[in-house]
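Residue-level structural notes
If you want the building blocks of each chain, they are given just below.
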Amino acid sequence: NTPFFQKYVFTNVEGFANAFELFMTDYKTALRVVPNIVAVFNDMIRTDEELGRLIEALDVWQVDNAER
């Protein structure tokens, strides 16, 4: 019987949220742990102008090799 916490943490929604948090706070680890999701996030930032401006305004993270 899997504990509730494990069932919750490993849901798609929480997995996405945890991956995004790692992506924003520890990019190198995210590349190692969830490289496919990092690629999706990079694509989202490259193609969504509003999201790209938000990330730049936060000055928390820089798009890796982004072309605009």
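Residues numbered from 1 in each chain as written. Predicted model: local features only at pLDDT ≥ 70, side-chain atom pairs only at ≥ 80, totals over all residues. Heavy atoms only, no water.

Here we take up the overall build of the protein chain. From N to C terminus, the protein chain includes five helices and zero strands. Helices (α) and strands (β) of the protein chain occur, in sequence order from the N terminus, as α-α-α-α-α. Scored against the burial criterion, the 68 residues of the protein chain give a buried share of 24%. Of all intrachain contacts in the protein chain linking residues separated by at least 6 positions in sequence, the fraction that spans at least 24 positions is 16%. (Helix = DSSP H or I, 4+ residues; strand = E, 2+ residues; numbered from the N terminus. Buried < 20%, exposed > 50% of the residue type's maximum accessible area, 1.4 Å probe, protein only. Contact = heavy atoms within 4.5 Å.)

This paragraph deals with the environment of Leu51. Within the secondary structure layout, Leu51 lies in helix α5 (residues 49-58). The exposure class assigned to Leu51 is partly exposed, which follows from its relative accessible area of 23%.

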